[in-house]
Amino acid sequence: AQSVTQPDIHITVSEGASLELRCNYSYGATPYLFWYVQSPGQGLQLLLKYFSGDTLVQGIKGFEAEFKRSQSSFNLRKPSVHWSDAAEYFCAVGVTNKLVFGAGTILRVKS
Amino acid sequence: DAGVTQSPTHLIKTRGQQVTLRCSPKSGHDTVSWYQQALGQGPQFIFQYYEEEERQRGNFPDRFSGHQFPNYSSELNVNALLLGDSALYLCASSLRSGRAVYEQYFGPGTRLTVT
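Residues numbered from 1 in each chain as written. Chains lettered and ligands numbered in written order. Predicted model: local features only at pLDDT ≥ 70, side-chain atom pairs only at ≥ 80, totals over all residues. Heavy atoms only, no water.

*Asks:* How should I be thinking about the state of the cysteines in this particular structure?
*Replies:* Such a bond, covalent and formed between the sulfur atoms of two cysteines, is termed a disulfide. Tallied over the full model, the rule gives two disulfides over all chains. Two residues, C23 of chain A and C91 of chain A, share a disulfide whose sulfurs are 2.0 Å apart. Its S-S torsion of about -65° marks the bond between C23 of chain A and C91 of chain A as left-handed, since a negative value means left-handed. Separated by 68 residues along the polypeptide, C23 of chain A in the loop between strand 3 (19-21) and strand 4 (24-26) and C91 of chain A in strand 10 (residues 87-95) bring together distant segments of the chain. Classification of C23 of chain A as buried rests on a relative accessible area of 0%. Covalently, C23 of chain B is tied to C91 of chain B through a disulfide, its sulfur atoms 1.8 Å apart. (Disulfide = S-S within 2.5 Å. Helix = DSSP H or I, 4+ residues; strand = E, 2+ residues; numbered from the N terminus. Buried < 20%, exposed > 50% of the residue type's maximum accessible area, 1.4 Å probe, protein only.)

*Asks:* Is there a simple way to explain unusual backbone geometry in this structure?
*Replies:* Leaving glycine out, the prevailing phi sign among residues is negative, and the prevailing peptide bond configuration is trans. Residue and element names in this part refer to chain B. That bond from S7 to P8 is cis: its omega, -10°, falls within 30 degrees of zero. On the secondary structure map, P8 appears in the loop between strand 1 (5-7) and strand 2 (10-13). The phi torsion at E52 lies on the positive side, around 65°, for a residue other than glycine. Note on placement: E52 falls in the loop between strand 5 (44-50) and strand 6 (53-57).

*Asks:* Got a minute to help me understand the sheet that holds strand 3 (residues 19-24) of chain B in this structure?
*Replies:* As a general point, the strands of a sheet are linked pairwise by backbone hydrogen bonds and lie either parallel or antiparallel. All names here are of chain B. The strand order 1-3-8-7 describes an open sheet built from four strands, whose pairing is antiparallel. Looking at which strands have only one partner, the edges of the open sheet turn out to be strand 1 and strand 7 (64-68). Neighbour-to-neighbour, the strand axes of this sheet turn through a mean angle of 20°, independent of strand direction. Bridge count between strand 1 and strand 3: three bridges; the pairing is antiparallel. Within strand 3, the position partnered with Q6 by the bridge is C23. (Pairing = 2+ DSSP bridges. Axes fitted to C-alpha atoms, helices over the stretch in contact; angles between N-to-C directions.)

Right, here's the structure in full:
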């Protein structure tokens, strides 16, 4: 069955430091991959998506992600984190018209 | 351009009761998907509606049912509520065609508490 694994439940980074959130997927075909962000008490906002083509994808708020087929990964990166980036981040794979989500990674930003 | 809206924001119900949650999709979208997000977990797909019919269903019991109206808005109904139904219920809208169905825009959710 298709699945998404986000190995890190919590990550803490200092403001201004770089960030990488890990995501591994299990899916037989070429996946459609997504990263969403959820602030407390709010819905999900789409950060970026990968369907095909260039494996480095740019998103909103300065985020990017790289699709690596050989590693079944789609890690999210940001070169310099801002305090406002503190939130929960979800990786998802698109399968038969629905999204399958990972369990999420909570990002804490320390000043 | 209004995004996805959901009502109510919060709801408290007692075990055994029934609840109806509502969703209005983003303007121009024709497909509505519902997800359940339990505390500390990622969203789980409940079902998807298109052209007023349930097109796909996740691993949820028949107590969960839905409806889509001609204006594309949708309702999620849950009967015989259990404590385990307490969760954030998210509605997402998209276009049905091709891979656009995966570009889902989410509403703020309805927080359901069952006591």
